[in-house]
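Single-letter residue listing:
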There are 6 protein chains.
Amino acid sequence: MSRIDGRQKDELREVKITKDFIKYPEGSVLIEMGETKVICNASVEDRVPPFKKDSGEGWVTAEYSMLPRATLDRNTRDISRLKKNNRSVEIQRLIGRALRSVVDYKALGERTITLDCDVIQADGGTRTASITGAFVALVLACKKLLNDGLIDKMPISSYVAAISVGIVDDEELLDLCYAEDSHAKVDMNVVITDKGEFIEVQGTGEESPFTREQLNKLLDLGEKGVEELIKLQKEVLED
Amino acid sequence: MSRIDGRQKDELREVKITKDFIKYPEGSVLIEMGETKVICNASVEDRVPPFKKDSGEGWVTAEYSMLPRATLDRNTRDISRLKKNNRSVEIQRLIGRALRSVVDYKALGERTITLDCDVIQADGGTRTASITGAFVALVLACKKLLNDGLIDKMPISSYVAAISVGIVDDEELLDLCYAEDSHAKVDMNVVITDKGEFIEVQGTGEESPFTREQLNKLLDLGEKGVEELIKLQKEVLED
Amino acid sequence: MSRIDGRQKDELREVKITKDFIKYPEGSVLIEMGETKVICNASVEDRVPPFKKDSGEGWVTAEYSMLPRATLDRNTRDISRLKKNNRSVEIQRLIGRALRSVVDYKALGERTITLDCDVIQADGGTRTASITGAFVALVLACKKLLNDGLIDKMPISSYVAAISVGIVDDEELLDLCYAEDSHAKVDMNVVITDKGEFIEVQGTGEESPFTREQLNKLLDLGEKGVEELIKLQKEVLED
Amino acid sequence: MSRIDGRQKDELREVKITKDFIKYPEGSVLIEMGETKVICNASVEDRVPPFKKDSGEGWVTAEYSMLPRATLDRNTRDISRLKKNNRSVEIQRLIGRALRSVVDYKALGERTITLDCDVIQADGGTRTASITGAFVALVLACKKLLNDGLIDKMPISSYVAAISVGIVDDEELLDLCYAEDSHAKVDMNVVITDKGEFIEVQGTGEESPFTREQLNKLLDLGEKGVEELIKLQKEVLED
Amino acid sequence: MSRIDGRQKDELREVKITKDFIKYPEGSVLIEMGETKVICNASVEDRVPPFKKDSGEGWVTAEYSMLPRATLDRNTRDISRLKKNNRSVEIQRLIGRALRSVVDYKALGERTITLDCDVIQADGGTRTASITGAFVALVLACKKLLNDGLIDKMPISSYVAAISVGIVDDEELLDLCYAEDSHAKVDMNVVITDKGEFIEVQGTGEESPFTREQLNKLLDLGEKGVEELIKLQKEVLED
Amino acid sequence: MSRIDGRQKDELREVKITKDFIKYPEGSVLIEMGETKVICNASVEDRVPPFKKDSGEGWVTAEYSMLPRATLDRNTRDISRLKKNNRSVEIQRLIGRALRSVVDYKALGERTITLDCDVIQADGGTRTASITGAFVALVLACKKLLNDGLIDKMPISSYVAAISVGIVDDEELLDLCYAEDSHAKVDMNVVITDKGEFIEVQGTGEESPFTREQLNKLLDLGEKGVEELIKLQKEVLED
């Protein structure tokens, strides 16, 4: 079987990470995974949420949103419905957790870094692209803090990237595009560090349940994909 | 090592499912897992969301909420902040997905079943208790539809239940209570059918990442826990 | 004439007050009046509203809500409509006023007690049941403050309870259940202390106006009902 | 004892009802009770709420609001807090109930009359002034429907007016101005028809409870006040 | 051609400014331009927005709203839609800018003056009437501050007034009433000082574009109208 | 005097319009004016607002928003404050009016075109860049309708573009960047057709009023700027 866009089952789409995409944020990245395009901006602010007040520690949080026409049909803006889109809530919680897992709050000091992930074009895998891109924006912002002498050492303990995997027509596939995702039986997102450890595994068989064996095949694919993504993150950041 | 409440590592808390807890809903259950108590009400309504209109098919959805004082400190009500709690949004999406995975929409016909999961006392594991309890409420509501001659056959294809597992002090534990959950390094929720297949696996290592080996141990524990819960569901429903 | 459930005209439904129903609140009660069931939780917090700041005085307030399926048909949650239900607003203002009337703010000190009244099953008289139950929860919370040495004397000056009365088919009745209430011509709620004094009288003849004579008969019934309720409150609290 | 503004205990403030105050509404009135000024506009619309659909019957509802500077200090607008003021919610429910009690829905036909009561200057008794003024606006709107041949007979069965009474310094007083109201021990609002029957009695002793004897004295005062107000309503409407 | 209400092309409607219309605000005015009636209240508060904190400078802002039945058809209140009307937002920003242009923030000191412009009857030109009336209310409030010894000198540098002009049936007209405005091809609002200088020019040819020549004719008309309005403002304020 | 970026007083920044920037919308453009970057997407939908129902006519509307970090400091998202930014409301009303002025609703048929203008980087002149870019997106969407045989002729009557002009340090300047705009005494936006006619003129002298002479100089500059922009629009569209 050949995939809809001619890729191998374990092949990522073309990935491109453009640094310093927007000029104002402390860290800014445009990540493109095939036709999926997400602007990831990291903003550093000298405030922390109430539960971190006077702790000497910082915080990292994320917001995820899509432009109304990032998708085939136009979506009403959240503000017009006075309600944050439920899917966006779920996704931004995932992005926040994923990035916080590699942050040293003490080293960051009492400041908050907000990762704004705004999808300008969606073609599947926007949440994992957001994590992979936001990690680079986060590192850029931290490097700026270090260069500006505001912190003493990089507050990032590992590289982290994410990828989607899934089962389509009984085949385990890496990095699903929308056309694949929309008829996948099983849909999974994995967040993995450069040490090969898992930060998050989220697999859903809403259409049809899956076995331990299938789960393991999917995790293998995910590990392969993340390894490649982290290689690219390193190239971009060392550039 | 003995657990905080004296349980074995692979031991569930005492589980109790009370049928017909509230008199108005088509299906109603109080589920207690240790000190965690959730009212799960299933409401049948003769309407479907726009994307199911004139499809001959039904829909299942869930809403999750906690009473303000279900927890140690009082939480402001959602309506006072004009914002559904983000954690609740994430949880109710999970409950909905979990239950929809075993529903035959055609057999249900053009009606919506809403599962309201209201936590009156929270001591860890409220999302998995909600799934396990809501499944029973869902079956009760479907049985009523069948008994009333409104549907021809039960629109439920499998039993489904959920349990939390986690790593605390380097030990894999089943069914974490709040005291355990609050210092777990890894936190995972599994939703499994009576055929032993996975509907959802959600594992998070926000505090510390985890290995494939640990993931497998946690899944083993989860399978054991769900098996016992489904046994109880069957007893309650056949009663 | 015999009432729908066989009661005498001046007879209360079976009343049951369960103390310490939820484990976290400073005071917690489940009150059942026939099929009406309300969880009343009292939460003590070390903050006061702006108009009480630095006054040395405390405050008491109430919130009232119903679970979506506390009634025959499912009600949309407030948060889904982004609007507190108007009836709930009216009721929680009544509960707050009723309880504040017997509180000594100086003795309470600069803290707020919030009474959360959550109706889990509604069969008429939920607002008066909430007042009667919330009073017990309030006393329990104050006793805890006293036992913990945080206050010097009980800040409660009287017992207070409430009951509904109404005119159905030209008969004055005590403690209307929903079936009676829904075709009552006159509907009245009274809040009375253990000294037989009135805190609040609210009578409405939306369906048909009423005379001074009818008003007086209803007040007689209300006094009788509250007397019995306060007797029960005392038994529960002295238990 | 002489009252703050020299009135007798059972004396109304000067009352003035100006018809056709605003030119667009089907009925419009400015009511002034002393320094309290409320614009009461009645709007007729050819729609009914869902529960009246296809019933052949109409509906009457009210909205109450204050201009930000109707009071000594400026109040934030509801829309700035995204929340209808709780006190306004309680009041507009009272106004709606009071007016509906004298409306013949069949005679009105499937249309809704909305009574907008906007307080431009508040000096106590705004809710009762609103009811008294809105009744006149309602009658004007119904007369217009009759004159336009849209209805066959007046859908109003009685006159209705409202007044506040209260206990200040142990004296029962009629029609409290703000200076009196703000230190009243007992505060009561009565809504009474021209047949002397009660539509609504709302008495609150938040500051101090009251006896049956006091209640009866207050009702006597209220009956006297409403009688005078209805006389004025008749003069204005017959003019 | 004679205008709908018999006016000359360059003739204002009858203008009336009533001082001290509401008793509580520091400055209060009812402005009537023909059938358009707006209550303009100025409230002084001892607080400034965050960006003026500790600057020694004050702030001036405006809020604009219409009563639901200020217009031919009833408008839903903002709070019922949980959304400030977009047109009102645009208008209140214009009013605020217009008034701030003549305010000396230093002389005002760290306080905010809010101009509430509430339209009780709308017949065209409500935004310009609001500016003209609010300016008088603003001056009254400043005079009160001066008289009370709270400021040392008047913080107002010029008179300012506003008027609408437009092109109807190819004729340039001054001060359009609603009947004219509703079929105007070009609609313009000008805000001008007593020195003849422009504060704001807003011209829109949504129905049909306009030439420089037409623009100049409209500005001529606007200058004439504002001159007359400022003359009236002076009379009212010197009265 | 040389400008901050070395431009002549009557010189535009470098303008770039990229067609088909996002793949899903019926018309999509990235417009860059110097460092200002706006994505303009045109979405065609088969529905019209209520006031156009069954009229055979279409509608055009606009929404304007900025990414949180399009500016120097991060702005909170509208949805987090539950309130559309007031400035954005004003701007999107302007964009909508500007584009509607050149649309033939009959030729468009009963469909709505929504222009989403999302600023990803803001350096002054975002509202005029939005109009200029959105016009191109609108034409692209109409061309698609024509090519798809859904309409018979182009429903666009003129080209339209917009530019900002202003007075900085007593000099009239074309196309202000943020550094200039932030200390401009007078700020004006003009919307002009390819026939040289005005659609909208908005000039504000909040900092300092302006004369007729200055106004005329600014309009001259604006005409020159728009002429160049429309030339570019034509090149892009004919490409």
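Residues numbered from 1 in each chain as written. Chains lettered and ligands numbered in written order. Predicted model: local features only at pLDDT ≥ 70, side-chain atom pairs only at ≥ 80, totals over all residues. Heavy atoms only, no water.

What counts, and what does not: UniProt positions are given in the numbering used here, feature names are shortened, and annotations may be inferred rather than shown by experiment.
You'll find chain A entered in an unreviewed UniProt entry as Ribonuclease PH, with Vallitalea guaymasensis given as the organism. The record held by UniProt for chain A lists under Subunit (unreviewed entry) the comment "Homohexameric ring arranged as a trimer of dimers." Database annotation for chain A, UniProt heading Catalytic activity (unreviewed entry): "tRNA(n+1) + phosphate = tRNA(n) + a ribonucleoside 5'-diphosphate".

**Observations concerning the overall build of chain A**
Test applied: In DSSP terms, a helix is any run of H or I states spanning at least four residues, a strand is any run of E spanning at least two, and both are numbered starting from the N terminus. Radius of gyration: C-alpha atoms only; globule rule: 2.2 Å multiplied by the number of residues to the exponent 0.38. Classification of residues uses two cut-offs on accessible area relative to the type maximum, computed with a 1.4 Å probe and protein chains only: under 20% is buried, over 50% is exposed, and between them is partly exposed. Contact definition: two residues touch when any of their heavy atoms are within 4.5 Å. Shrake-Rupley sampling with a 1.4 Å probe provides the accessible areas, and residues are treated as covered by the protein chains on show and by no other component.
Looking only at helices and strands, chain A has 6 helices and 9 strands in total. For 239 residues, the compact-globule estimate of 2.2 N^0.38 gives 18 Å, and the C-alpha radius of gyration of chain A, at 18 Å, lies within 12% of that figure. Within chain A, the proportion of its 239 residues that are buried is 63%. Taking the contacts inside chain A whose residues are at least 6 apart along the sequence as the reference set, 69% of them involve residues at least 24 apart. With an accessible surface of roughly 9,100 Å², chain A has 44% of that area assigned to carbon and sulfur atoms.

**Considerations on the packing of aromatic side chains**
Rules: Two aromatic rings, drawn from Phe, Tyr or Trp (for Trp, its six-membered ring), form a pair once their centres lie within 6.5 Å of each other, and the interplanar angle then sorts them: stacked below 30 degrees, edge-to-face above 60, tilted otherwise. A positively charged side chain is recorded as over a ring if its NZ (Lys) or CZ (Arg) lies within 6 Å of the ring centre. The angle to the ring normal must also be within 35 degrees.
Inspection of every chain in the model, using the stated rule, returns 24 aromatic pairs over all chains. Residues F51 of chain E and W59 of chain E carry aromatic rings whose centres are separated by 5.0 Å and whose planes lie at 90° to one another, so their mutual orientation is edge-to-face. Judged by its relative accessible area of 56%, F51 of chain E falls in the exposed class. Members of the aromatic cluster, joined through ring pairs, are F51, W59 and Y105 of chain A. The ring centre of Y159 of chain A lies 5.0 Å from the NZ or CZ of K234 of chain A, which sits over that ring.

**Quick look at the UniProt feature "domain: Exoribonuclease phosphorolytic" (unreviewed entry) in chain A**
Residue and element names in this part refer to chain A. When the UniProt feature table is mapped to this numbering, "domain: Exoribonuclease phosphorolytic" (unreviewed entry) covers residues 11–141 and 159–225. Here residues 11–141 runs as 30% helix and 31% strand, with 30 Å between its end C-alpha atoms. Split by type, residues 159–225 is 27% helix and 42% strand. Its first and last C-alpha atoms lie 14 Å apart.

**Structural notes on the sheet that holds strand β1 (residues 15–19) of chain A**
In any sheet, the strands associate via hydrogen bonds between backbone groups, in a parallel or an antiparallel arrangement. All names here are of chain A. Counted only if it meets this: Criterion used throughout: strands pair if DSSP finds at least two bridges between them. Working convention: axes come from line fits to C-alpha atoms, limited for helices to the stretch in contact. Angles between N-to-C directions cover 0 to 180 degrees.
Across the sheet, which stays open at both edges, the 5 strands sit in the order β1-β2-β3-β5-β4 with mixed pairing between neighbours. Of all strands in the sheet, those bounded by a partner on one side alone are β1 and β4 (59–66). Strand-to-strand twist across the sheet, computed as the mean angle between neighbouring axes with direction ignored, equals 15°. Pairing analysis gives 8 bridges linking β4 to strand β5 (residues 112–121), with the strands arranged parallel. Pairing of A62 across the sheet is with L115, part of β5. The strands touched by helix α2 (residues 86–100) are β4 and β5; relative to β4, the strand with the most contacts, the crossing angle is about 145°. Helix α6 (residues 212–238) contacts β1 and β2 (27–33) of the sheet and is inclined by roughly 25° relative to β1.

**A word on the side chain of R97 of chain A**
Inclusion rule: As used in this structure description, the phrase polar contact means that two N or O atoms lie within 3.5 Å; if the pair is within protein, one of them must be able to donate a hydrogen and the other to accept it, and residues adjacent in sequence are counted only when both atoms belong to side chains.
With respect to the helices and strands, R97 of chain A occurs in helix α2. Owing to a relative accessible area of 10%, R97 of chain A belongs among the buried residues under this scheme. Among the polar contacts made by the side chain of R97 of chain A, one reaches the side chain of E90 of chain B at a distance of 3.2 Å. Beyond its immediate sequence surroundings of up to four residues, R97 of chain A is in contact with E200 and Q202 of chain A together with E90, T204 and E206 of chain B.

**Examining the side chain of E90 of chain C**
With respect to the secondary-structure elements, E90 of chain C resides in helix α2 (residues 86–100). The class for E90 of chain C is buried, based on a relative accessible area of 5%. The contacts of E90 of chain C, once residues within four sequence positions are left out, are R127 of chain C together with E90, R93 and R97 of chain D.

**Remarks on the arrangement of the chains**
Spatially, chain A and chain D are disjoint, and the shortest separation between their C-alpha atoms is 11 Å. Between chain C and chain F there is no contact, and the shortest C-alpha to C-alpha distance separating them is 11 Å.

**Notes on the relation of the copies chain A and chain F**
The test is simple: Least-squares superposition of the copies uses the C-alpha atoms of those residues scoring a pLDDT of at least 70 in each of them.
When chain A is fitted onto chain F, the two copies agree to an RMSD of 0.0 Å after a turn of 180° and an axial shift of 0.0 Å. Considering both components of the superposition, the chain copies are consistent with a two-fold axis. For chain A, the minimum C-alpha distance to the rotation axis belongs to I79 of chain A and amounts to 2.5 Å. Both copies present the same face, since 100% of the interface residues in chain A are matched by interface residues at the equivalent positions in chain F.

**Concerning the interface of chain A and chain F**
What counts is decided by this rule: Summed over both partners, the accessible surface that disappears when two parts come together, traced with a 1.4 Å probe, is what is meant by buried area. Whenever a carboxyl oxygen of Asp or Glu lies within 4 Å of a side-chain nitrogen of Lys or Arg, that contact is scored as a salt bridge. When residue character is reported, Ala, Val, Leu, Ile, Met, Phe, Trp, Tyr, Cys and Pro are called nonpolar, Asp, Glu, Lys and Arg charged, and the others, Gly included, polar.
Across the boundary between the two partners, chain A contributes 36 residues, which contact 36 residues of chain F. Across the interface of chain A and chain F, roughly 3,000 Å² is buried in total on both sides, 52% from carbon and sulfur atoms. Counting the surface chain A buries against chain F, the share from its top three residues, Y24, R69 and R74 of chain A, is 26%. Where chain A meets chain F, there are 16 salt bridges. The residue R77 of chain F makes a salt bridge to D116 of chain A at a minimum N-O spacing of 2.8 Å. Across the chain A-chain F interface, the total number found is 20 residue pairs in polar contact (both at pLDDT 80 or more). Put simply, the parts of the chain that give the side of chain A that touches chain F at least two residues each are β3 (36–45), β4, α1 (78–81) and β5 of chain A. If one sorts the elements of the side of chain A that touches chain F by residue count, β5 of chain A sits on top with 6 residues. Class assignment for the residues of the side of chain A that touches chain F results in 15 nonpolar, 7 polar and 14 charged.

**Remarks on the environment of D181 of chain E**
Residue and element names in this part refer to chain E. Relative to the assigned elements, D181 resides in helix α5 (residues 178–181). Between the C-alpha atom of D181 and that of E63, which follows or precedes it by 118 residues, the distance is 23 Å. Beyond its immediate chain neighbours, meaning those up to four positions away, D181 contacts L176 and D187.

**Let's talk about the sheet that holds strand β5 (residues 112–121) of chain B**
All names here are of chain B. Pairing within the open sheet is mixed, and its 5 strands lie in the order β1-β2-β3-β5-β4. The open sheet has two edge strands, β1 (15–19) and β4 (59–66), and neither has a second partner. The average undirected angle you get between the axes of adjacent strands in this sheet is 15°. Sheet strands touched by helix α2 (residues 86–100): β4 and β5. Its angle to β4, the strand with the most contacts, is close to 145°. In the packing of helix α4 (residues 126–147) onto the sheet, contacts are made with β1, β2 (27–33), β3 (36–45), β4 and β5, and the angle to β3 comes to roughly 35°.

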